Amino acid sequence: MYIILGHENPDVDSIVSGVLLERYLTRQGKEARFMIPDRKVDEESVSICLSFGLDPRKYQGELPKEKNEYILVDHHERNVPGQVVAVFDHHPTLQSYSYPFYRNEKASSTACLLVKENESAYTKDEIELAVLASMMDTVSFHSSKTLDEDVNWVQDMCRKYKFDFKKLYQMGISITDVSSPKSFLTHGLKHYEFDGHKIASSYVSLSSLTEKEGDIILGSSYIQEYMKEKNLEEFIMIVHDMSCFTSTIFTYYPNRVIIQGCDYIVSRGKDVIPCVEGKILSKKR
Ligand SMILES: [Mn+2]
């Protein structure tokens, strides 16, 4: 049996691409199961999926103890109780991998990578989910990760299947609930390891950066505590300001913080993390 996994703390794209791949492989006569081993799934992602008829909580559960073959979607590195046999991702990296099947290329979402140009293998509802994942991952096309060809694809699909583009657009620009300052640490939390250097990152979308400055300062203390606990060298927290579609990158080091403004919505996977990775790997040489 193939077990399909999205990244830890899965977002809408990880959930949707996992579910779509499970259904696709099952229809191909393969035994495949998408699983979410995380105890807790982000509430915002759950409610967005639910509003499109998908319940992510059905996929939660502990991974089986016996060895299985694993397929990773929306990420490409994972310790699993078995062998990773395939990867579908849209976070191209400088590293090379020797998985039996490895597809990691630029795309607005992993779900888009799976469905685009293979639409006949999916139902209308599944195509809508892939469109939703693309809107979520590109902040409704405001992110630098957006590819023109994917915008065209989304528009074509919305026209062809009469999807509610307005609703999909609104989902993509959702504001993160930061009523608990811990959200600055936990929202979209991802871990990375480059050549032994441990890094983590999170991101939030705010209605306005200046209004939430106090909350960011409170959130920072959770981040700094977490860095100590997990022995991190860097923690990158990205704030998207949805009032003007700009981003601010807060890079926390054990003893200082560097704040960098950007006049567009940055993509963590395309702009921020590859830059950190490049910096670390070039130091090594
Ligand atoms: Mn993704």
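Conventions adopted
- Residues numbered from 1 in each chain as written.
- Predicted model: local features only at pLDDT ≥ 70, side-chain atom pairs only at ≥ 80, totals over all residues.
- Heavy atoms only, no water.
- Core = buried A, V, L, I, M, F, W, Y, C linked by side-chain atoms within 4.5 Å.
- Buried < 20%, exposed > 50% of the residue type's maximum accessible area, 1.4 Å probe, protein only.
- Helix = DSSP H or I, 4+ residues; strand = E, 2+ residues; numbered from the N terminus.
- Axes fitted to C-alpha atoms, helices over the stretch in contact; angles between N-to-C directions.
- Parallel < 35°, antiparallel > 145°, perpendicular 65-115°, else oblique.
- Left-handed = near helix turned anticlockwise from the far one by under 90°.
- Contact = heavy atoms within 4.5 Å.
- Nonpolar A, V, L, I, M, F, W, Y, C, P; charged D, E, K, R; others polar.
- Pairing = 2+ DSSP bridges.
- Donors = N, O, S within 2.8 Å, 3.2 Å for Na, K, Ca; no water.
- Expected span 1.5 Å × (residues − 1).
- Arc of directions from axis to C-beta.
- Salt bridge = Lys/Arg side-chain N within 4 Å of Asp/Glu carboxyl O.
- Domains from an automatic or database assignment.
- Buried area = accessible area lost by both parts, 1.4 Å probe.
- Polar contact = N/O pair within 3.5 Å; in protein donor to acceptor, adjacent residues only side chain to side chain.

Chemist: Please clarify how the nonpolar core should be interpreted in this entry.
Modeler: For soluble globular proteins, the rule of thumb is that nonpolar side chains tend to be buried together. Membership of the largest hydrophobic core comes to 46 residues, with the highest contact counts inside it found for Val 131, Leu 132 and Trp 153. It is helix α4 (residues 124-137) that provides the largest number of residues to this core, a total of eight residues. With 18 residues, the next largest nonpolar core counts Leu 185, Ala 200, Met 227 and Val 239 among its residues.

Chemist: Hey, could you run me through the packing of α4 against helix α6 (residues 165-172) in this one?
Modeler: When two helices pack together, their arrangement is given by the angle between their axes and by how far apart the axes lie. It is at 7 Å that the axes of α4 and α6 come closest, and there the two elements cross at 40 degrees. Overall, the two elements α4 and α6 adopt an arrangement that is oblique. Regarding α4 and α6, the two cross each other, and that crossing is right-handed. Taking contact as the criterion, the partners of Glu 128, Val 131, Leu 132, Met 135 and Met 136 in α4 are, on α6, Phe 165, Leu 168, Tyr 169, Met 171 and Gly 172. A breakdown of the residues in the contact of α4 with α6 according to their chemical character gives eight nonpolar, one polar and one charged.

Chemist: Looking at this structure, I do not really get the sheet that holds strand β5 (residues 101-104). What am I missing?
Modeler: Note: strands within a sheet are paired through backbone hydrogen bonds, in either parallel or antiparallel orientation. Across the sheet, which stays open at both edges, the five strands sit in the order β2-β1-β3-β4-β5 with parallel pairing between neighbours. Here the strands that pair on one side only, and so sit at the sheet edges, are β2 (32-35) and β5. Looking at each pair of strands side by side, their axes are set apart by 25 degrees on average, direction ignored. As judged from the four bridges shared by strand β1 (residues 2-5) and β2, these two strands associate in the parallel manner.

Chemist: Would you mind going over the coordination of the manganese ion with me for this structure?
Modeler: Working reference: metal with six octahedral donors, ideal angles 90 or 180 degrees; metal with four tetrahedral donors, ideal angle 109.5 degrees. In the first shell of the manganese ion, the protein supplies Asp 13 (OD), Asp 74 (OD), His 90 (NE2) and Asp 137 (OD), at 2.2 to 2.4 Å from the metal. In the primary sequence, the donor residues of the manganese ion line up as D-x60-D-x15-H-x46-D. With a gap of 61 residues between them, Asp 13 in helix α1 (residues 12-27) and Asp 74 in the loop between β3 (68-73) and β4 (82-89) connect regions that are remote in the sequence. Across this residue pair, the class does not change: Asp 13 and Asp 74 are buried.

Chemist: Is there a simple way to think about helix α5 (residues 148-161) in this case?
Modeler: For the α-helix, the turn length of 3.6 residues means that residues three or four positions removed from each other point alike. Here α5 spans 20 Å end to end across 14 residues, near enough to the 20 Å set by a 1.5 Å rise per residue. All buried positions along α5 are accounted for by Asp 150, Val 151, Trp 153, Val 154, Met 157, Cys 158 and Tyr 161. Mapping the buried residues of α5 onto a view down its axis gives an arc of 160 degrees, with all of them on the same face. For α5, exposure combined with an orientation more than 90 degrees from the buried face picks out Asp 148, Glu 149, Arg 159 and Lys 160. On the buried face of α5, the contacting elements are α3 (110-115), α4 and α6. Backbone geometry just after α5 places Lys 162 at a positive phi near 55 degrees.

Chemist: What am I meant to see in the pattern of salt bridges here?
Modeler: A side chain with one charge can pair with a side chain of the opposite charge if their charged atoms come near. With the rule as written, the count across this model stands at twelve salt bridges. Residue Arg 23 is joined to Glu 126 by a salt bridge in which the shortest nitrogen-to-oxygen separation is 3.2 Å. Of the two residues, Arg 23 is situated in helix α1 and Glu 126 in helix α4; the sequence distance between them amounts to 103 residues. Of the charged contacts, one joins Lys 65 and Glu 62 as a salt bridge, the two residues approaching to 3.9 Å between their closest N and O atoms. As far as burial versus exposure is concerned, Lys 65 and Glu 62 are alike and both exposed. Connected through salt bridges with shared partners, the residues Arg 23, Arg 27 and Glu 126 form a single ionic network.

Chemist: I tried to follow unusual backbone geometry on my own but got confused; where do I start?
Modeler: Only a minority of non-glycine residues have a phi that is not negative, and only a minority of peptide bonds are not trans. At Asp 74, a position not held by glycine, the phi torsion is positive, near 65 degrees. In this structure, Lys 162 is a non-glycine residue whose phi angle is positive, near 55 degrees. Take Lys 162: it is sitting in the loop between α5 and α6.

Chemist: I tried to follow the domain arrangement of the protein chain on my own but got confused; where do I start?
Modeler: A common measure of how large an interface is: the accessible area buried when the components associate. Partitioning the protein chain into structural domains gives domain 1 (2-172) and domain 2 (183-284). Once you take the C-alpha centre of each, domain 1 and domain 2 turn out to be 23 Å apart. Each partner contributes to the interface: domain 1 provides 17 residues, whereas domain 2 provides 19 residues. Looking only at domain 1, the three residues that lose the most surface to domain 2 are Asn 9, His 142 and Ser 144, adding up to 33% of its buried area. Run the count over domain 1 and domain 2 and you get zero salt bridges. At the boundary of domain 1 with domain 2, the tally comes to seven residue pairs in polar contact (both at pLDDT 80 or more).

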